[in-house]
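The primary structure of each chain is shown beneath.
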Amino acid sequence: MRVVTSISEMRKVVEEQRSYGKIVGLVPTMGFFHQGHISLMHAAREECDYVVVSLFVNPTQFAPGEDLEDYPRDLSRDVEMATEAGVDCIFHPPAEDMYMQPYLTYVMVEEITDRLCGASRPGHFRGVATVVAKLFNIIPAHRAYFGLKDAQQVQVIRRMARDLDFDIEVVACPTVRESDGLAMSSRNVYLEPEERKAATVLHRSLQLARKLVAEGERDPEKVTGDMHALIVRESLVEPEYVAAVDWDLLTPLDRLEGWVLFALAARVGKARLIDNALIEVKD
Ligand code: PAF
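Just so it is clear, the model here is predicted, and its values are computed rather than measured. (Residues numbered from 1 in each chain as written. Predicted model: local features only at pLDDT ≥ 70, side-chain atom pairs only at ≥ 80, totals over all residues. Heavy atoms only, no water.)

K.L.:
Describe the sheet that holds strand S7 (residues 237–246), listing the residues and the values that go with them.
P.N.:
Within the open sheet, the three strands sit side by side as S7-S8-S9. Their pairing is antiparallel. One side of each edge strand has no neighbouring strand; the edge strands of this open sheet are S7 and strand S9 (271–281). Neighbouring strand axes in the sheet, compared pairwise and without regard to direction, differ in orientation by 15 degrees on average. Note that strand S8 (residues 258–268) and S9 share 11 bridges and pair antiparallel. Counterpart to Ala-265 in the pairing with S9 is Ile-274. Each of S7 and S8 is contacted by helix H10 (residues 220–232), which is oriented at about 160 degrees to S7, the strand it contacts most. (Pairing = 2+ DSSP bridges. Helix = DSSP H or I, 4+ residues; strand = E, 2+ residues; numbered from the N terminus. Axes fitted to C-alpha atoms, helices over the stretch in contact; angles between N-to-C directions. Contact = heavy atoms within 4.5 Å.)

K.L.:
Pulling in residues and values, what's your account of the sheet that holds strand S5 (residues 143–147)?
P.N.:
Reading across from one edge, S1-S4-S3-S2-S5-S6 is the order of the six strands in this open sheet, with parallel pairing throughout. Of all strands in the sheet, those with a lone pairing partner are strand S1 (2–4) and strand S6 (169–173), marking the two edges. For this sheet, the mean angle separating the axes of adjacent strands, direction not counted, is 25 degrees. In this sheet, strand S3 (residues 50–55) lies alongside strand S2 (residues 24–29) in parallel orientation, the contact comprising six bridges.

K.L.:
Summarise the state of the cysteines; cite the residues concerned and give the values.
P.N.:
Across all of its chains, the model carries zero disulfides by this definition. Not part of a disulfide, Cys-89 finds its nearest cysteine sulfur in Cys-48, a span of 14 Å. Free of any disulfide, Cys-117 has its nearest cysteine sulfur in Cys-173, 19 Å distant. By relative accessible area, which is 7% here, Cys-117 ends up buried. (Disulfide = S-S within 2.5 Å. Buried < 20%, exposed > 50% of the residue type's maximum accessible area, 1.4 Å probe, protein only.)

K.L.:
Provide a residue-level description of the packing of aromatic side chains, including the pertinent values.
P.N.:
Under the criterion given, the structure shown has five aromatic pairs. Note on Tyr-103 and Tyr-106: the rings are 5.3 Å apart at their centroids and 80 degrees apart in plane angle, and the pair reads as edge-to-face. Tyr-103 gets classed as buried once you look at its relative accessible area, which sits at 18%. For Tyr-106, a relative accessible area of 30% translates into the label partly exposed. Seen in terms of ring centroids, Phe-136 and Phe-166 are 5.4 Å apart; in terms of plane orientation they differ by 75 degrees. Their pairing is edge-to-face. Residue Phe-136 is located in helix H6 (residues 124–138), and its partner Phe-166 is located in the loop between helix H7 (151–163) and S6; the two are separated by 30 residues in the primary sequence. Just above the ring of Phe-32 sits the side chain of Arg-77; from NZ or CZ to the centre is 5.0 Å. The residue whose ring lies beneath Lys-270 is Tyr-190, and the NZ or CZ to ring-centre distance is 3.9 Å. (Phe/Tyr/Trp six-rings, centres within 6.5 Å; stacked < 30°, edge-to-face > 60°. Lys NZ or Arg CZ within 6 Å of the ring centre and 35° of its normal.)

K.L.:
Give me the site of the ligand: which residues, what numbers.
P.N.:
Residues in close proximity to the ligand include Pro-28, Thr-29, Met-30, Asn-58, Gln-61, Val-131, Phe-146, Asp-150 and Gln-153, which together make up its full environment. Taking Gln-61, its side chain carries an N or O atom lying 2.6 Å from an oxygen atom of the ligand. At a separation of 2.7 Å, an oxygen atom of the ligand approaches a polar side-chain atom of Gln-153. For the ligand, the accessible surface in isolation is 290 Å², of which the surrounding protein chains cover 89%. Its residues assigned to classes, the shell around the ligand shows four nonpolar, four polar and one charged. (Near = heavy atom within 4 Å. Polar contact = N/O pair within 3.5 Å; in protein donor to acceptor, adjacent residues only side chain to side chain. Areas by Shrake-Rupley, 256 points an atom, 1.4 Å probe, with all protein chains shown as cover. Nonpolar A, V, L, I, M, F, W, Y, C, P; charged D, E, K, R; others polar.)

K.L.:
Before we move on, could you go through the pattern of salt bridges and cite the residues and values that matter?
P.N.:
Overall, the coordinates contain 21 salt bridges when judged by the stated rule. Between Arg-77 and Asp-78 there is a salt bridge, and its shortest N-O distance comes to 4.0 Å. Taking the relative accessible area as the measure of exposure, Arg-77 reaches 32% and is therefore partly exposed. Judged by its relative accessible area of 1%, Asp-78 falls in the buried class. (Salt bridge = Lys/Arg side-chain N within 4 Å of Asp/Glu carboxyl O.)

Given below as structure tokens:
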């Protein structure tokens, strides 16, 4: 497997592969791989001829005071895991090349970035949309793979790709969970053992939503209220939001119908964790 750090070399590699008629897949990541990342690499491996994984802890999506400095990193382990997953190339550029100073250009996706995580992390999705647009330009893949654990991010990137006419198919892959239901996340390493146990309530609250919907409940406030009540029973877990929104534009709902995203964020010790369930509500 090849590790490329230069933007111009990365472009050449992809141009070459495309000139041979190869289908190129991109898996954008911030590294510190877990099985969630590996499942994206496997999906890309199955569907594409040449797989590039970008590994870049993107400073513009972290607000001052967030965990940019502490974000877990382990390049040699990541290289090993990506090799094992059959990846062809890792793109690992230096931050000073990605954001040549003075850096003045950003991509803003409106409205859907104001809600859910966008409400408490202003500027986060501007950073995500900007870096993903840059990656789409540097690595003009046919397909790009993202995890549905970051459901809002998936919708922001889909919208950005559509609105800016990127000729890249955005593929969303299912969330990968630990055996007790906790969604895999690089930030799970921040959890102390007691917090790790308590954090399973997040998945349990989403299962509760599924059950209530299956029993016929159609009032979003009732379902999210019950989810919230379940979560706060764990004293180590502090919910930031629990919401039921429409899957397309992430707008709040008066009634549960169609594709509904049940999404939540919570503080557990030092970690801010997110999770969600996408449920089709049929009547
Ligand atoms: O999901 C992530 O790891 C990041 O937000 C992404 C998409 C790689 C952009 O930095």
